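Survey of secondary and tertiary structure
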Amino acid sequence: VNLSASDEDDMDDNITRPPSHQTIAVNVASPFYSPLLFDATAEGSGSTSQQYSLCVADETSLRLGVIDDIQKLHVTTCRLGMAPRRIVHCVEGRLFAVGCMESGIKHLGAYEANNSMGNCIRFMVDTTFDDIKRVDLDPFETILSMAYVTMRLPDRESGVEVAIGENEDGFVYKPFLVVGTGYSMADEAEMTRGRILLFSCESDESNSSNNRTVRQVTEFSTNGGVLSICQFFNGSILCAINSKTMLCRLHDDAGMTKLRFVGVGHHGHILSMFVKSRAHLQGQKAVAVEEKSKSGGKKEKVVPEELIAIVGDLMRSVSVVQYFSEHQILEEIARDFNANWTTAVEMLTDDIYLAGEHWSNLYCLRRNKTASSEEVRCRLDVVGEYHLGEMCNKFMSGSLVMPVSAASGGGPSRRMGSAKSQTDSPSKAPAIRVRRPVVVTGSQTLYGSVDGSLGVILGLDGRTAAFFATLERAMAKVIRPIGDLSHQLFRAFNAERRMHPAHGFVDGDLVESFLDMDRDMMVTIVDEMNRDGGWEVDDAIAVRRSSDGQRTNGDEDSRELSVDDVVAMVEEIAMIH
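Below is a summary of the structure that appears in this document. Predicted model, so just to flag it, every value in this text is computed and none were measured. Starting from 1, residues in each chain are numbered consecutively following that chain's sequence as written. This being a predicted model, a pLDDT of at least 70 is required before a residue's local features are given, and a value of 80 or more before pairs of side-chain atoms are given or counted; all residues contribute to the totals for chains, interfaces and linings. Here the side-chain values reflect all heavy atoms present in the structure, with hydrogen atoms and water set aside.

Our focus in this paragraph is helix α3 (residues 462-478). Going along the chain from the N terminus, every DSSP run of H or I of four or more residues is numbered as a helix, and every run of E of two or more is numbered as a strand. What a helix is expected to span follows from its residue count: subtract one and scale by 1.5 Å. Between its terminal C-alpha atoms α3 stretches 24 Å, which fits the 24 Å expected from 17 residues at 1.5 Å a residue. Along α3, the residues that are buried comprise Thr464, Ala466, Phe467, Phe468, Ala469, Thr470, Leu471, Glu472, Ala474 and Met475. The inward-facing, buried residues of α3 contact β30 (440-449), β31 (454-460), α4 (487-490), α5 (508-512), α6 (519-532) and α7 (563-576). Here the term buried applies to any residue with accessible area under 20% of the maximum for its type, exposed to any over 50%, and partly exposed to those in between, with areas from a 1.4 Å probe on protein chains only. We call two residues in contact whenever any of their non-hydrogen atoms come within 4.5 Å of each other.

The following block contains the structure:
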């Protein structure tokens, strides 16, 4: 909203401008704070939220709003002179570790046929991109995976490592850079040798020059290429080596720190391309579960929390493996039985998983661990399918901007609709429907595609998802696409012989284009949303519809959406990423 002191500008154009581009002739402006409109910010922030509220008055209306920070994505280019394959940020050492592959072309332009195009690891300062150290790998050795993990150091006082699952108090944890490699030989169809390299990256804060030190701690030879590495529980890591998934951790060998496999890994994949886990966020905890005894009473049974991970296979989609610490074994407990060529996977929650496949599609899976039937528990249900148009090769948790004041799990929230007075009791006043749902987000996942684009996938709660799904349907119905290409047909999941309508996803690019439309088009779209009515998902005051789409319950408190309501919701979701 542009604020001006006079109305000499072309104020008549505001009729056709979007609300976010209109000009207001301001008479009075004053900061304010009211808990009736805006929730208090997170604890510890004090009264800083009062600085972000503004009251603006002109000749016709009084506007109450919040001033949000404008955030931009800054891009810095660092020319390496070679092709980067993997990159990891080492937080403790304040370094970037970049796995690079030389082009094989010498500086004079001469090309040698027997050049192995060797790989190397370059360590650079995360602020100036100055090279600190370079580690050259063996000929024909290729960097396949890199991860910055926290591992548990072995107990050297007793010389004996404590068994997994026992009390971990007193152990020391330290971050390391783990690099997985494989030897790509011309006469081998599949890699038969590889290595796991462990580096320690530290920053000397006491030194005025702020020196960084990189030291190789140990290495471990494997019978295959180490395709993926992820953090697991209690300072251990999971490694995907060809078709196997193994648990690995540090141990003490005659005073030297070395890596070794623990227990029995999981075998049974064609090629384990990716492995992801959230077990390091929860550790191993005891959960009390009530169960009925033979006498009819109830007793508590203590069971360990599940230690699970997902594995993305080359051709067999996604499977879930669980580690049983008492037996030191990894077993498959559920899987997706569709044949998808997986290109990236990510665990959104312990039971919801996101994956991409090579036909430029995204799909979301859900595990039914509470089902009574074993057949249902071992199958992952497809709860979302979407055609992105670009092949994703990387998922990671994160966001492109700093957190904003939008409502999210555990963070500050903002009320965005009318609310019932707290002094009124339910018996004295009827329930009042909120005019629009609050934007509530869950997981935030970044993705990178082979076309070089970056994007964000936001998890939405039921009300927010229903609102934007209704807006998406209304826009697809009202707006005539270029070339009369159907939006539903373009976003449909299309994988060779399989084609399913898109579901479980909302097209964020289409939804956010609502802000660029003129006022007349906005009014038409909002009218279509009110006719659809799918944005109303309040269980307490459900609006039932007849076969012709009209309301049948005679709800007196029902309110229709306005253009300002929809604009506020779209602007709110746009600022989150």
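Moving on, there is more to tell.
Spatial strand order, β6-β7-β8-β9: 4 strands in an open sheet with antiparallel pairing. The sheet terminates laterally at β6 (83-90) and β9 (131-136), the two strands that pair on one side only. Neighbouring strand axes in the sheet, compared pairwise and without regard to direction, differ in orientation by 20° on average. The sheet contact formed by strand β7 (residues 95-101) and strand β8 (residues 119-125) spans 7 bridges and is antiparallel. Paired with Leu95 across the bridge in β8 is Val125. For two strands to be treated as a pair, DSSP must find no fewer than two bridges joining them. Fitted lines through C-alpha atoms serve as axes, helices being fitted only where they are in contact, and the angles separating the N-to-C directions of these axes extend from 0 to 180 degrees.

With that settled, consider a nonpolar patch on the surface. Two joining distances apply to patches: 9 Å for like charges and 5 Å for nonpolar side chains (Val, Leu, Ile, Met, Phe, Trp, Tyr), and every residue must have over 30% relative accessible area and no salt bridge. The Shrake-Rupley method, run with a 1.4 Å probe, gives the accessible areas here. Residue values count only the displayed protein chains as cover. By convention in these notes, a salt bridge is any Lys or Arg side-chain nitrogen within 4 Å of a carboxyl oxygen on Asp or Glu. Nonpolar side chains collect at one region of the surface, where Ile270, Met315 and Trp341 lie side by side and expose about 260 Å² of accessible area between them. Turning to its location among the elements, Ile270 is positioned in the loop between β17 (256-267) and β18 (272-277).

Let us now look at empty space enclosed by the protein. Each cavity reported here is a set of points on a 1 Å grid over the protein atoms alone in which a 1.4 Å probe fits but cannot get out, each pocket an open set with protein on both sides within 12 Å along at least five of seven lines, and each lining residue one with an atom within 4 Å of a point. Grid points are joined across faces, edges and corners, and a volume is the space filled by probe spheres set on the points. Under the counting rule described, the total for this entry stands at 2 cavities of 30 Å³ or more. Of the volumes computed, that of the second largest cavity is approximately 40 Å³. Lining the second largest cavity, in full, are Gly268, His269, Asp313, Arg316, Ser319, Glu332 and Arg335. A per-class count over the lining of the second largest cavity returns no nonpolar, 3 polar and 4 charged. Under the convention adopted here, Pro, Cys and the residues Ala, Val, Leu, Ile, Met, Phe, Trp and Tyr are nonpolar, Asp, Glu, Lys and Arg are charged, and Gly plus all remaining residues are polar.

The next subject is the pairing of strand β26 (residues 361-367). A regular strand carries its side chains on alternate faces of the sheet. Counting buried positions along β26 gives 6 out of 7 residues, so the element sits mostly inside the fold. As judged from the 6 bridges shared by strand β25 (residues 352-357) and β26, these two strands associate in the antiparallel manner. Along β26, the bridge assignment pairs Ile352 with Arg366. Between β25 and the antiparallel strand that follows it, β26, lie 3 residues; Ser360 among them carries a positive phi value of about 65°. As paired elements, β26 and strand β27 (residues 380-387) share 7 bridges and run antiparallel to each other. Among the inter-strand pairings, Leu362 is bridged to a residue of β27, identified as Tyr386.

Right, let's talk about the packing of α6 against α7 for a bit. Interaxial distance between α6 and α7 falls to 9 Å at its minimum, and their mutual angle equals 95°. Considered as vectors, α6 and α7 are oriented roughly perpendicular to each other. On the side of α6, the interface is formed by Arg519, Met522, Val523, Val526 and Met529, while α7 contributes Val563, Asp564, Val566 and Val567. Partitioning the contact of α6 with α7 into residue classes produces 7 nonpolar, no polar and 2 charged. For this classification, under 35 degrees means roughly parallel, over 145 means roughly antiparallel, 65 to 115 means roughly perpendicular, and everything else is oblique.

Right, let's get into the side chain of Asp126. Mapped onto the elements of the fold, Asp126 is located in the loop between β8 and β9. Any pair of nitrogen or oxygen atoms within 3.5 Å is treated as a polar contact; in protein, a donor-acceptor pairing is required on top of that, and neighbouring residues in sequence qualify only through side-chain atoms on both sides. Of the polar contacts made by the side chain of Asp126, one reaches the side chain of His89; its length is 3.2 Å.

Remark: nonpolar core denotes a set of buried residues (Ala, Val, Leu, Ile, Met, Phe, Trp, Tyr, Cys) joined through side-chain atoms within 4.5 Å. If you look at the biggest cluster of nonpolar residues, it comprises 25 residues, and the most contacted ones within it are Phe467, Phe468, Leu471, Phe514, Val566 and Val570. When residues of this core are traced back to their parent elements, those giving at least two are α3, α5, α6 and α7. Excluding its chain neighbours within four sequence positions, the residues that come into contact with Phe514 are Leu471, Met475, Met522, Ile525, Val526, Val566, Val567 and Val570.

Here we take up the packing of aromatic side chains. What describes a pair of aromatic rings is the distance from one ring centre to the other and the angle between the planes of the rings. Note on aromatic pairs: the rings of Phe, Tyr and Trp (six-membered ring only in Trp) are paired at centre separations within 6.5 Å, and the planes decide the class, stacked below 30 degrees, edge-to-face beyond 60, tilted for the rest. Taken as a whole, this structure holds 8 aromatic pairs when the rule is applied. A ring pair is formed by Phe232 and Tyr323, whose centres lie 6.2 Å apart and whose planes are at 85°; its orientation type is edge-to-face. Of the two residues, Phe232 sits in the loop between β14 (226-231) and β15 (237-241) while Tyr323 sits in strand β22 (residues 318-324), which places them 91 residues apart along the sequence. The burial state of Phe232 is the same as that of Tyr323; both residues are buried. Aromatic ring contacts, followed pair by pair, group Phe232, Phe233 and Tyr323 into a single cluster. Between Arg193 and the ring centre of Tyr183, over which it is positioned, the NZ or CZ distance is 4.1 Å. Counting as a charge over the ring demands two things of the Lys NZ or Arg CZ atom: a distance within 6 Å of the ring centre and an angle within 35 degrees of the ring normal.

Time to look at the pattern of salt bridges. By the definition in use, this model includes 22 salt bridges. Ionic pairing is found between Arg367 and Glu306, a salt bridge with its closest N-O pair at 3.0 Å. Of this pair, Arg367 sits in strand β26 while Glu306 sits in the loop between β20 (298-304) and β21 (308-313), and the two are 61 residues apart along the sequence. A residue is classified by how much of its surface remains accessible, and Glu306, at 27% relative accessible area, is partly exposed. Across the salt bridge formed by Arg497 and Glu496, the nearest N and O atoms sit 3.8 Å from each other. The pair formed by Arg497 and Glu496 is uniform in burial state, with each residue classed as exposed. Three or more residues joined by partner-sharing salt bridges are found here, namely Asp138, Glu141, Arg195 and Glu219.

Time to look at unusual backbone geometry. The residue Asn234 is not glycine, and still its phi comes out positive at about 50°. Turning to its location among the elements, Asn234 is positioned in the loop between β14 and β15. Residue classification places Asn234 among the buried residues on the basis of a relative accessible area of 17%. Phi is positive for Ser317, close to 60°, though the residue is something other than glycine. Relative to the elements of secondary structure, Ser317 occurs in the loop between β21 and β22.

Moving on, we come to the environment of Ser317. By relative accessible area, which is 0% here, Ser317 ends up buried. As a C-alpha pair, Ser317 and Ala339 span 22 residues in sequence and 5.9 Å in three-dimensional space. Leaving out residues up to four positions away in the same chain, Ser317 has contacts with Val311, Gly312, Asp336, Asn338, Asn340, Thr342 and Tyr363. There is a polar contact of 2.7 Å between the side chain of Ser317 and the side chain of Asp336.

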